[in-house]
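Chains, contacts and geometry: an overview
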Amino acid sequence: MLKEFYSKYSTKVADARRVVNHPLTYAEKVLFAHLFNSNELGVFKRGVDYVDFRPDRVAMQDATAQMALLQFMNAGKNKVAVPASVHCDHLIRADVGVEKDLSEAMRANKEVYDFLRSVSTKYHIGFWEPGAGIIHQVVFENYAFPGGMMVGTDSHTPNAGGLGMMAVGVGGADAVDVLTGQPWELRMPELIGVKLTGRLKGWATPKDVILEILGILTVKGGTNSILEYFGDGLDSMSATGKATICNMGAELGATCSIFPFDRNADEYLCRTDREDVARMARENRAELCADDEVYADPEKYYDKIIELDLSTIEPHLNGPFTPDAATRVSQMKSKMDKFPPVVEVALVGSCTNSSYQDLCRAASVARQAIEKHIPVKTQLIINPGSEQIRYTARRDGILDVFEQIGAVIMTNACGPCIGQWNRHTDDNERCNSIVTSFNRNFRRRADGNPNTYAFIGSPELTIALAIAGRLDFNPVTDSLMNTEGQWVRLDEPKGYDFPLKGFEVKDKGFIAPGGENHIQVVIDPESTRLQRLQPFDAWNGKDYIDMPLLIKTAGKCTTDHISMAGPWLRYRGHLQNISDNLLMGAVNAFNGRANMVYNQLTGAYEAVSAVAKQYKAQKLSSIVVAEDNYGEGSSREHAAMEPRFLNVRVILAKSFARIHETNLKKQGMLALTFANKNDYKKVSEQDKISVLGLTGLAPGSKLKVILNHPDGTKEEFMAEHTYNQTQIEWFKHGSALNFLKR
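The notes below deal with the structure included here. (Residues numbered from 1 in each chain as written. Predicted model: local features only at pLDDT ≥ 70, side-chain atom pairs only at ≥ 80, totals over all residues. Heavy atoms only, no water.)

Brief notes about the overall build of the chain
- Along the backbone of the chain there are 23 helices and 28 strands.
- The C-alpha radius of gyration computed for the chain amounts to 25 Å, which stays within 12% of the reference 27 Å derived for 742 residues, consistent with globular compactness.
- On the principal axes, the C-alpha backbone points of the chain span a range of 75 × 60 × 55 Å.
- Considering the chain as a whole, with its 742 residues, one finds that 63% of them fall into the buried category.
- For the chain, the share of sequence-separated contacts (at least 6 apart) that also reach a separation of at least 24 residues comes to 76%.
- In the chain, 84 positive and 90 negative side-chain charges are present, and the distance between their average locations comes to 2 Å. (Helix = DSSP H or I, 4+ residues; strand = E, 2+ residues; numbered from the N terminus. Rg over C-alpha atoms; globule rule 2.2 N^0.38 Å. Buried < 20%, exposed > 50% of the residue type's maximum accessible area, 1.4 Å probe, protein only. Contact = heavy atoms within 4.5 Å. Lys, Arg positive; Asp, Glu negative; His and termini not counted. Charge placed at Lys NZ, Arg CZ, Asp CG, Glu CD.)

Remarks on unusual backbone geometry
- Geometrically, the link from G319 to P320 is a cis peptide bond, its omega value of 0 degrees lying close to zero.
- Positionally, P320 belongs in the loop between β11 (304–309) and β12 (343–348).
- The backbone of S350 sits at a positive phi, close to 80 degrees, despite the residue not being glycine.
- Mapped onto the fold, S350 is located in the loop between β12 and α13 (356–371).
- Backbone geometry at N595 places phi at a positive 55 degrees, although glycine is not the residue there.
- With respect to the helices and strands, N595 occurs in the loop between α18 (575–578) and β21 (597–598).

A short note on α13
- With 16 residues, α13 should cover 22 Å at 1.5 Å per step; its first-to-last C-alpha distance of 22 Å lies within 8% of that length.
- With respect to burial, α13 is a largely interior element, 13 of its 16 residues being buried.
- Positive phi appears at H373, one or two residues downstream of α13, with a value of about 60 degrees. (Expected span 1.5 Å × (residues − 1).)

With respect to helix α10 (residues 263–271)
- Every buried residue of α10 is accounted for by N264, A265, D266, Y268 and L269.
- Of the surrounding elements, those touching the buried residues of α10 are α6 (135–142), α9 (239–247) and α11 (275–283).
- For α10, the capping residue at the N-terminal end is D262, with a side-chain oxygen 3.1 Å from the backbone nitrogen of N264.
- The first or second residue beyond α10 is D273, which carries a positive phi of 60 degrees. (Polar contact = N/O pair within 3.5 Å; in protein donor to acceptor, adjacent residues only side chain to side chain.)

Overview of the nonpolar core
- In terms of nonpolar packing, the biggest core is built from 109 residues, with F53, V58, M60, F115, L116, M166 and W184 touching the most fellow members.
- By residue number, the principal contributor to this core is helix α3 (residues 62–73), which donates 8 residues.
- Those residues in contact with F53, other than ones at most four positions away along the chain, are L31, H34, L35, F36, M149, P183, W184, L186 and M188. (Core = buried A, V, L, I, M, F, W, Y, C linked by side-chain atoms within 4.5 Å.)

Structural notes on the sheet that holds strand β20 (residues 544–552)
- Read once around its circumference, the closed barrel built from 7 strands follows the order β20-β23-β24-β25-β28-β27-β26, with strand pairing classed as mixed. In this sheet, adjacent strand axes meet at a mean angle of 40 degrees when their direction is disregarded.
- Bridge analysis of strand β24 (residues 648–653) against strand β25 (residues 670–674) gives 4 bridges, and the strand direction is parallel. The residue bridging I651 from the neighbouring strand is A671, located in β25. (Pairing = 2+ DSSP bridges. Axes fitted to C-alpha atoms, helices over the stretch in contact; angles between N-to-C directions.)

Description of the packing of aromatic side chains
- Applying the stated criterion to the full structure yields 25 aromatic pairs.
- Their ring planes at 85 degrees and their centres at 6.2 Å tell us that Y356 and F503 sit as a pair that is edge-to-face. One end of the pair, Y356, is in helix α13; the other, F503, is in the loop between β18 (487–488) and β19 (510–511), and 147 residues separate them in sequence.
- Judged by its relative accessible area of 5%, Y356 is buried.
- Taken together, F5, Y6, Y9 and F145 form an aromatic cluster joined through their ring pairs.
- Taking the ring centre of F36 as reference, the NZ or CZ of R54 above it sits at 3.9 Å.
- Stacked on the ring of Y680, the Lys or Arg K654 has its end atom at 4.6 Å from the ring centre. (Phe/Tyr/Trp six-rings, centres within 6.5 Å; stacked < 30°, edge-to-face > 60°. Lys NZ or Arg CZ within 6 Å of the ring centre and 35° of its normal.)

Some remarks on the side chain of N432
- Residue placement: N432 occurs in strand β15 (residues 432–436).
- A polar atom in the side chain of N432 sits 3.0 Å from the side chain of T452.
- Not counting the four nearest positions on each side in its chain, N432 is found in contact with P340, E344, R423, N449, N451, T452 and Y453.

Some points on the pattern of salt bridges
- Inspection of the entire model under this criterion finds 48 salt bridges.
- K682 is paired through a salt bridge with D679; the nearest N and O atoms lie 2.9 Å apart.
- K682 gets classed as partly exposed once you look at its relative accessible area, which sits at 29%.
- It is possible to trace a salt-bridge network through shared partners that takes in E344, R423, D426, R430 and D447. (Salt bridge = Lys/Arg side-chain N within 4 Å of Asp/Glu carboxyl O.)

Brief notes about the sheet that holds strand β4 (residues 126–128)
- Pairing in this open sheet of 6 strands is mixed, and the strands run β6-β5-β2-β3-β4-β19 from one edge to the other. Each edge of the sheet is formed by a strand with only one pairing partner; in this case those strands are β6 (166–169) and β19.
- Of the strand pairs in this sheet, strand β3 (residues 84–87) and β4 are connected by 3 bridges, and their pairing is parallel. When the bridges of β4 are listed, S85 appears paired with G126.

Here's the deal with the pairing of strand β9 (residues 225–230)
- With respect to burial, β9 is a largely interior element, 6 of its 6 residues being buried.
- Here β9 shows two buried faces, one formed by S225, L227 and Y229 and the other by I226, E228 and F230.
- In this sheet, β9 lies alongside strand β8 (residues 190–197) in parallel orientation, the contact comprising 6 bridges. The residue of β9 that forms the bridge with L191 is I226.
- For the crossover from β8 across helix α8 (residues 206–217) to β9, the handedness is right-handed.
- Sheet topology note: the β9/strand β10 (residues 256–258) ladder contains 3 bridges and is parallel. Its bridge partner being in β10, L227 is matched across the sheet by S257.
- Running through α9, the crossover from β9 to the neighbouring parallel element β10 is right-handed. (Right-handed = clockwise from strand over helix to strand, strands pointing away.)

Concerning the environment of Q368
- Within the secondary structure layout, Q368 lies in helix α13.
- Along the sequence, Q368 and V476 sit 108 residues apart, while their C-alpha atoms lie 15 Å from each other.
- Aside from chain neighbours lying at most four places away, what touches Q368 is H373, I374, R489, L490 and D491.
- At 3.2 Å, the side chain of Q368 and the backbone oxygen of S364 are in polar contact.
- Of note is the side chain of Q368, whose polar atom sits 2.5 Å from the backbone nitrogen of D491.

Focus on the side chain of E212
- Position of E212 relative to the elements: it lies in helix α8.
- In this structure the side chain of E212 is engaged in a polar contact, spanning 3.3 Å, whose partner is the side chain of R328.
- In this structure E212 touches L308, I313, H316 and R328, once residues within four positions along its chain are discounted.

What about the packing of α13 against helix α16 (residues 459–468)?
- Put simply, α13 and α16 touch, their axes get as near as 8 Å, and they point 20 degrees apart. Between α13 and α16, the interaxial angle falls into the category roughly parallel. α13 and α16 meet at a crossing whose hand is right-handed. Note on element contacts: α16 touches α13 through P459, E460, I463, A464 and I467, opposite D358, R361, A362, V365, A366 and A369. (Parallel < 35°, antiparallel > 145°, perpendicular 65-115°, else oblique. Left-handed = near helix turned anticlockwise from the far one by under 90°.)

And the structure:
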């Protein structure tokens, strides 16, 4: 696949440049080189036109792969159309340490692992076993390549942009399009050019670059956009550092982020035994970056420009509760009246920061606690990114350093970052603060405690705060007292981009795709973990009349709020069971409480899913009303499938996050936005709501919404949508998969 790709890549880019008749950004080159039909090459309007693409590969993690593969099994194919992989990283709990946790995961999740392994074997999919590593670190080490395009059923798939790959997080239905050889549809993204100059210094890291950008753009500032990085500041930044920046582009709502191919990417490919890929990339080097004219006059070719001098970047601590609450560490002292000041737990790892370089530099800080006799105040947890990283870090003594200051080494898996943390605490409702090197810090996400104030920083800073034990410690300026009564300072972190003796691993935990079509995938009808999917019903051709309001959400409503992770991950292959968590984290705008909504059938307040089930039993469709950026966060399509399963027909929001809006469309839902956002205020708790004009649903059309208030009065306003003609067919047929099969 790679040889064929690189043999044609430069020619495709040249053809695109000739047709559009202007110099190309790097993102445009990759997009044009992956058009599903090269005959459709033309000038596309950014942020408006939908375009069909043909990605090179698909990656799926175990929590989302279940639903994706259950849908693929219904597509009638005998093998996947592109290279694909499944990674078992989300279902492993972080409890007491890798030895016991991994064996317990193998026991508790055996049914799911057996299912994923058998489906992978049957349909020619590569399978990464539990403990092999976190999907994005494993993809970066083994599959990412400059100029390529991939989709992954995880929102942090853009991590691969650190090696110059256009990698986009999607829902399972989108992945099925690619797996079945169908066009993958994407709205042509707008382009945000990020020019980096200078060089990071001191305690500043690539993590602080993206934390700074989050403060500038916010969690919705990159929606339907690609962030393309350029400038002389890239030269001093490692490939894994760039991956960290691309990874957290997901927190901006960005379609993806991408860096050009350079010597750092070249070296990373070679150091991970992919010299042949590096050689082919070198041969196409001229087209694995933007054209010279773009760099000379970037304002002319990007929709927006951000410029950052890396030498001015300071260490950041973003939070709590949202990753765009950006604060320089030097400013934390002025905010300490707002947070519990003591750091109770420090956690290093996640798909964002678990590379060898991350652990090496973090260990250089940890080592100082030993050498300078500084007592460590905080519990410390480490999650290596892959078995290759773990094995090499153990060989080089890095993990030993962490253990010497009391750290617990967890499995090579997501663990606490995805809520799979069995936190040992005296009170899981108590106010407290934690610091992580993760990417998200939504309320309840890590430990289920709504009063845990989670802050995001670099691995180096996380270790420093674990040693100090306080949020307001600034390692750049502050001193700590050691056991001998002396005030000492922590030196700047140091570390190697690559292990001096090279990477080493005994068993990566990989089963290569085989293709044994005779295998029968068995799903126990009585299983509580897996359930075969039944097609959703098609639209009945009528307007939606007098739908009871299920919930009007207030404030941030992420996919964590809509379909919680943590212990609910065990039901990711069973739509009926996981639907019991529908919107349980969303705040009801009328009472300020979570999972407590008015039931129009009984007049009582009950859990959201319980009310939705009763409406469904009475054959009543229902509607959800929400504020801005609804569905921010993970790619989990369960957040779209659950309301669909429970007969919610419409989500009416001020605006949507990109992945979630697509997921809703794929499942035959009606995703509408207020034409006037102030109309959100008109919706009352006991309203029955009608949506009119569905028979005339067309691209660009508007729909009328009528609020039937309980006092007999009515109000009406207009709602908008972004459906194109194909997406309207998905709606009419009940789902994209229904339309594909017909």
